[in-house]
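Coordinate analysis (summary)
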Amino acid sequence: MNFNLPFRDKILRFLGPTRMIALSFVLVILVGSVLLWLPIAQNPGMRASYLNSLFVATSATCVTGLMPFAVIDQYNLIGQTVLIFLMQIGGLGLMSLLALFLTLMRRKLNFSEKKMLQDSLNKNDADNIPNFLKSIFRYTFIFEGIGMGLLALRFIPEYGLAQGLYNSVFLSISAFCNAGLDNLTRSSLMAYTSDPLINFTVCGLIITGGLGFAVWFDLRRILPEKKKLSWKRLWTRLSLHSRLVLVVTGILLGSGTLIVLLVEYGNPNTLGWMNFPQKIMAAFFQSTTLRTAGFSTIDFAMLRDASLFIMLFYMIIGGSPGGTAGGIKTTTISMLFVLIISEIRDSGNMTLFKRTLPSSTFHRAFAITLTYACIMVIAIFLLTLTEPQIGFLPLAFEAFSAIATVGLSAGVTPLLSALGKIVIIMLMYIGRVGPITIVLSLMRMKQNRKTNNLVYPHGDVLIG
């Protein structure tokens, strides 16, 4: 280590961006778990174990939403405020918050810090990081502020001015960060199943948070040109990434709504008792919450097995890169489909929207997906050993929900044993920091490979 370097630079060079990002989440989780474990954060007569406090802190920081008990039952105003900070930090990242603080204090970011932020924000380059950060936080607070205002229209008449505003802030931050926590009832948002204002406000916040920062800024760039250009021309002006994210998000939301509507249409425990417009709204809400949000307006324990099974795949896809959602990401699954179609057509190049894509993109997409699959096999295997009293599909649903940082549960979370909770804690943590770690590891492998000039003889392997 070069002792002539500034302390911040020495730490970053010693740990590296990947470890620094991963450790920052560990630090937030540990601090949050201690704060939530303290008696002053809990309601009178309630005393959560440290393991449960660690579980809740991980769930909030990793913006998942799985809970062994209801927030309203366990935590007072102090505890709920701790959860708000954990969700906001988890959604935006501790390193981003620290970098913004240094920027506002007019402290110049060094190269190592810019590289770390570039990796954590999924930014293509390290140019103009301070302004990029300021834009992220500005738009985050704008969207959360709009959501708070809309939610307050319902909550202030119901809870009074002070509590209504507080509940609006809590739910708005939770929805935008795709955290899935609420401080309203013991049954998520089921009390508001037929309330269009709550449903569409929460859905709007979930979708906005899940699209990713790059898409926001791209839309901001082209929308002022609407008066001069047609919608078709504006569409072509969007970046390839933004077009792909918008198309795939639309397909997932639409198909998810249709599947939930068709499968649960006659189920008296979910959609069966509603009129048709309410069925559509509820189906759309559940489809949206599968984008790793974790709220629900119906009881997921009452869903048919077919719904639970297909939801596994929607959950693991998740949101889009650079946003607050989890999962393997919409762009990753898109690359796999492009690769499959290209192989079927025996195409020389892999193209999308009349653009040729580099093979390294598909290598990373395949590696990320395979890594997630391996982790899931191990996790579900362990859960079937630690929770033999719970059925396989509900356990698989819990595991998928945890690693995709969704937070939906088929009523399994409160029934987990201590070992089962530890498995879920690890899945939530891997789901939040895993994609970053995987991508950076692949980048390092690629860099190391460039320095290796050794070439082995050609070999063939039969596939399929």
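Below is a summary of the structure that appears in this document.

How each quantity is defined
Residues numbered from 1 in each chain as written. Predicted model: local features only at pLDDT ≥ 70, side-chain atom pairs only at ≥ 80, totals over all residues. Heavy atoms only, no water. Axes fitted to C-alpha atoms, helices over the stretch in contact; angles between N-to-C directions. Helix = DSSP H or I, 4+ residues; strand = E, 2+ residues; numbered from the N terminus. Parallel < 35°, antiparallel > 145°, perpendicular 65-115°, else oblique. Left-handed = near helix turned anticlockwise from the far one by under 90°. Contact = heavy atoms within 4.5 Å. Nonpolar A, V, L, I, M, F, W, Y, C, P; charged D, E, K, R; others polar. Phe/Tyr/Trp six-rings, centres within 6.5 Å; stacked < 30°, edge-to-face > 60°. Buried < 20%, exposed > 50% of the residue type's maximum accessible area, 1.4 Å probe, protein only. Lys NZ or Arg CZ within 6 Å of the ring centre and 35° of its normal. Salt bridge = Lys/Arg side-chain N within 4 Å of Asp/Glu carboxyl O. Polar contact = N/O pair within 3.5 Å; in protein donor to acceptor, adjacent residues only side chain to side chain. Expected span 1.5 Å × (residues − 1).

The next point concerns the packing of helix 4 (residues 77-92) against helix 8 (residues 161-176). In helix packing, the relevant descriptors are the interaxial angle and the interaxial distance, both defined with respect to the helix axes. Where helix 4 meets helix 8, the axes come as close as 9 Å, and the angle between the chain directions of the two elements is 30°. When the interaxial angle is binned, helix 4 and helix 8 end up roughly parallel. Our pair here, helix 4 against helix 8, has a crossing hand that is left-handed. Between helix 4, through Leu77, Gln80, Thr81, Leu83, Ile84, Met87 and Gln88, and helix 8, the contact on the second element is made entirely by Tyr166, Phe170, Ile173 and Ser174. A per-class count over the contact of helix 4 with helix 8 returns seven nonpolar, four polar and no charged.

What follows covers the packing of aromatic side chains. Taken as a whole, this structure holds 17 aromatic pairs when the rule is applied. Ring centres of Phe300 and Phe397 lie 6.1 Å apart, and the angle between their planes is 45°; this geometry places the pair in the tilted category. Linking Phe300 in the loop between helix 13 (276-289) and helix 14 (305-317) with Phe397 in helix 17 (residues 392-403), this pair joins segments that are 97 residues apart in sequence. In this structure, Phe300 and Phe397 share a single accessibility class: buried. Above the plane of the ring of Tyr265 lies Lys279, whose end atom (NZ or CZ) is 4.4 Å from the centre.

Our next topic: the packing of helix 16 (residues 359-386) against helix 17. Two elements in contact, helix 16 and helix 17, have axes separated by 10 Å at closest approach and are oriented at 135°. Taken together, the axes of helix 16 and helix 17 are oblique relative to one another. When you trace helix 16 past helix 17, the crossing you get is right-handed. Contact residues: helix 16 offers Tyr372, Ile375, Met376, Ile380, Leu383 and Thr384, while helix 17 offers Phe392, Leu395, Ala396, Ala399, Phe400 and Ile403. Here the contact of helix 16 with helix 17 is composed, by residue class, of 11 nonpolar, one polar and no charged.

Now for the environment of Leu261. Within the secondary structure, Leu261 sits in helix 12 (residues 240-264). You can call Leu261 buried: its relative accessible area is 12%. Here the alpha-carbon distance between Leu261 and Gly272, two residues 11 residues apart in the chain, equals 9.8 Å. When residues no more than four places from it in sequence are discounted, the contact partners of Leu261 are Leu271, Lys279, Ile280 and Ala283.

Now for the pattern of salt bridges. Side chains that differ in sign of charge can pair as their charged atoms come close. Taken as a whole and assessed by the stated rule, the structure comprises three salt bridges. Asp73 is paired through a salt bridge with Arg186; the nearest N and O atoms lie 2.9 Å apart. Here Arg186 lies in the loop between helix 8 and helix 9 (196-211) and Asp73 lies in helix 3 (residues 71-74), a separation of 113 residues in the sequence. Across the pair Asp218 and Arg221 runs a salt bridge whose closest N-O atoms are separated by 2.5 Å. Taken as a pair, Asp218 and Arg221 lie in helix 10 (residues 213-222) at a separation of three residues, close to a single helical turn. With a relative accessible area of 39%, Arg221 lands in the partly exposed category.

Let's shift gears to the side chain of Thr292. Along the polypeptide, Thr292 turns up in the loop between helix 13 and helix 14. Side-chain polar atoms of Thr292 contact the backbone nitrogen of Gly326, separated by 3.1 Å. If we skip the residues at most four places from it in the chain, Thr292 touches Val63, Asn178, Met315, Gly318, Gly319, Ala325, Gly326, Gly327, Ala404, Thr405 and Val406.

A few words on helix 15 (residues 330-345). If you check helix 15, its first and last C-alpha atoms are 23 Å apart, about what 16 residues at 1.5 Å a residue would give, namely 22 Å. Among all positions in helix 15, only Thr330, Thr331, Thr332, Ile333, Ser334, Met335, Leu336, Val338 and Ser342 are buried. Check the buried side of helix 15 and you find it contacts helix 12, helix 14, strand 1 (351-352) and helix 16. The positive-phi residue at the C-terminal boundary of helix 15 is Asp346, with phi of around 55°.

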